[in-house]
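This is what each chain is made of:
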Amino acid sequence: MSVKIHHISIINRYVKPTFNFYHNLLGLKLLIKTINQDDHSMYHLFFSDDQQRVGTELTFFEISEGKEQSFGTNTLERTVLKVPSVESLKFWENYLEEHGVCQYGIEEFNGAPILRFDAPDNTQMALVALKDFESRENFFPYDSGIIPIEHAIVGIGAIQMRVQYAEATKTELLQAGWEEINRTKFFTSQNEVIILGNQNSHFYQEVHIIQDIKNEIAVQGIGGIHHVAFGVENLAELEAIDQQIQAKNFRNSGVKDREFFKSIYYREPNQLLIEIATAEGSIDPSAYENQSTHFEDIPLYLPHYLSDIRAQTEATLAEQRHE
């Protein structure tokens, strides 16, 4: 089974600033403007590369009320995206600075350059370059006309998580097929980081597990990562993992049919919310044919089983504040 990060889902307060930042500033393709299938009054945005590929998707829930994410342990901390080269990192350092985005300059982490920056609602993001063994020909960035295609974001590079019991999370992910490739320190701190990799030369990804037993448990909120989804190919693989999760007695959702894919959610040993999602799914191309820079111009896309509530849903969303 090929292991991969399928997508990462983040909580933002208002959907329009989120759309403007990720679509109009970072130049990502808007894959779907839809709703949360568990709360039909909530927008849910999906962004991806130009081929709507697993491993390139960021999704955002609009939750206007509540506190901001607090710093602490037992949390999914930072999303790391990939760009084509170190020259691309230099482009992004200047570009983000010119557009007033808080960025921390190009640093070194785990022997490679990294550019950390803050997105809307203080969401923690970063950029890294493709590894030497990766080929640009295997990536298909969206040509937004905003970012030069030779520097455009190509997908997800890593997820950083901060936990009390790093070995427990590592064990769970090793059983899923990830491999430990290194241990390092978290920048200038003494916190050890376990680096796991998927050993895929065509689309390499990592999981960074930061050991932190000193800080308080983080409180999830606006700007934080809601969950990370790891990918499987099909329903048969998903059902096999479902049986493993049941055998471990982890809290879980059971298999859910999202139409875009099928998935299961569960809490791993440090109580991080993990989703396992299939590559198989159905999204009509009409979902992403309109790439307007104006949020209002893009129609709401609903899975077929929710098509009968379109009028009610659009009326509810129209009554809400989104910026």
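Rules of the game
Residues numbered from 1 in each chain as written. Predicted model: local features only at pLDDT ≥ 70, side-chain atom pairs only at ≥ 80, totals over all residues. Heavy atoms only, no water. Helix = DSSP H or I, 4+ residues; strand = E, 2+ residues; numbered from the N terminus. Rg over C-alpha atoms; globule rule 2.2 N^0.38 Å. Contact = heavy atoms within 4.5 Å. Areas by Shrake-Rupley, 256 points an atom, 1.4 Å probe, with all protein chains shown as cover. Lys, Arg positive; Asp, Glu negative; His and termini not counted. Charge placed at Lys NZ, Arg CZ, Asp CG, Glu CD. Buried < 20%, exposed > 50% of the residue type's maximum accessible area, 1.4 Å probe, protein only. Pairing = 2+ DSSP bridges. Axes fitted to C-alpha atoms, helices over the stretch in contact; angles between N-to-C directions. Salt bridge = Lys/Arg side-chain N within 4 Å of Asp/Glu carboxyl O. Phe/Tyr/Trp six-rings, centres within 6.5 Å; stacked < 30°, edge-to-face > 60°. 1 Å grid on protein atoms, 1.4 Å probe; cavity = no way out; pocket = protein on both sides within 12 Å on 5 of 7 lines; lining within 4 Å. Points joined across faces, edges and corners; volume = space filled by probe spheres on them. Polar contact = N/O pair within 3.5 Å; in protein donor to acceptor, adjacent residues only side chain to side chain.

### As for the overall build of the protein chain
Broken down by element type, the protein chain carries five helices and 16 strands. For 323 residues, the compact-globule formula gives about 20 Å, and the C-alpha radius of gyration of the protein chain, at 19 Å, lands near that figure. With respect to the three principal axes, the spread of C-alpha positions in the protein chain is 55 × 50 × 40 Å. Partitioning the contacts of the protein chain with sequence separation of at least 6, the portion at a separation of at least 24 is 66%. Carbon together with sulfur atoms contributes 47% to the accessible area of the protein chain, which is approximately 14000 Å² in total. Positive and negative side-chain charges in the protein chain, numbering 26 and 47 respectively, have mean positions lying 5 Å apart.

### Some remarks on the environment of H208
Structurally, the position occupied by H208 is in strand β12 (residues 206-211). Since its relative accessible area comes to 4%, H208 is described here as buried. The spatial distance from the C-alpha of H208 to the C-alpha of N182 is 9.8 Å, given a sequence separation of 26 residues. Ignoring anything within four residues of it in the chain, the contact list for H208 reads F109, A158, I159, Q160, M161, V193, I194 and I195.

### Details of the sheet that holds strand β7 (residues 112-119)
Spatial strand order, β6-β7-β8-β5-β9-β12-β11-β10: eight strands in an open sheet with mixed pairing. In this open sheet, the two strands that pair with only one neighbour each are β6 (103-109) and β10 (179-185). The average angle at which neighbouring strand axes cross in this sheet is 25°, direction not considered. With seven bridges joining them, strand β5 (residues 75-83) and strand β9 (residues 155-163) adopt antiparallel strand pairing. Of the residues in β9, the one forming a bridge with R78 is Q160. Packing against the sheet, helix α2 (residues 86-98) makes contact with β5, β6, β7 and β8 (123-129), and its axis sits at approximately 25° to β7.

### Focus: the pattern of salt bridges
This structure, assessed with the given rule, holds 19 salt bridges. For the salt bridge of K248 with E172, the shortest nitrogen-to-oxygen distance reads 2.9 Å. Of this pair, K248 sits in helix α4 (residues 235-248) while E172 sits in helix α3 (residues 166-175), and the two are 76 residues apart along the sequence. Among the residues examined, K248 registers a relative accessible area of 32% and is labelled partly exposed. D257 is the partner of K262 in a salt bridge, and the nearest nitrogen-oxygen pair spans 3.9 Å. For K262, a relative accessible area of 30% gives the class partly exposed.

### Structural notes on the packing of aromatic side chains
Enumeration over the complete set of coordinates arrives at 18 aromatic pairs. Between F21 and Y22 the ring centres are 5.0 Å apart and the planes differ by 75°, which places this aromatic pair in the edge-to-face class. Among the residues examined, F21 registers a relative accessible area of 9% and is labelled buried. Judged by its relative accessible area of 0%, Y22 falls in the buried class. Measuring from centroid to centroid gives 5.7 Å for W178 and F230, while their planes differ by 65°, and the two rings are edge-to-face. Separated by 52 residues along the polypeptide, W178 in the loop between α3 and β10 and F230 in strand β13 (residues 225-232) bring together distant segments of the chain.

### Considering empty space enclosed by the protein
For the structure shown, the criterion picks out three cavities of 30 Å³ or more. Within this model, the largest cavity holds a volume of roughly 50 Å³. Looking at the largest cavity, the residues that line it are L28, S48, D49, T56, L81, I153, V154 and G155. Lining the second largest cavity, in full, are M161, T169, E172, L173, Y266, E268, L272 and I274.

### Thoughts on the side chain of K170
Following the sequence through the fold, K170 ends up in helix α3. Among the polar contacts listed, one links the side chain of K170 to the side chain of E167, at a separation of 3.0 Å. Contact partners of K170, with chain neighbours within four places excluded, come to E180, R183, I194, L196 and I209.

### What about the pairing of strand β15 (residues 262-267)?
Where strand β14 (residues 256-257) lies against β15, two bridges are found, and the strand directions are antiparallel. Bridge assignment links D257 to a residue of β15, and that residue is K262. Between β14 and β15, which pair antiparallel in sequence order, lie four residues; one of them, E259, sits at a positive phi of approximately 70°. Pairing geometry for β15 and strand β16 (residues 273-278), over five bridges, is antiparallel. Following the sheet pairing, R267 is matched in β16 by L273. The antiparallel hairpin formed by β15 and β16 contains five residues in its connecting segment, where Q271 sits at a positive phi of about 70°.

### Description of the sheet that holds β13
The eight strands lie next to each other as β2-β3-β4-β1-β13-β16-β15-β14, forming an open sheet whose pairing is mixed. Either end of the sheet is taken by a strand with one partner, and the two such strands are β2 (29-36) and β14. On the sheet, helix α1 (residues 15-25) packs against β1 (5-12), β2, β3 (39-48) and β4 (57-62) and is oriented at approximately 5° with respect to β3. The strands touched by α4 within the sheet are β13, β15 and β16, with β15 carrying the most contacts at an inclination of about 20°.

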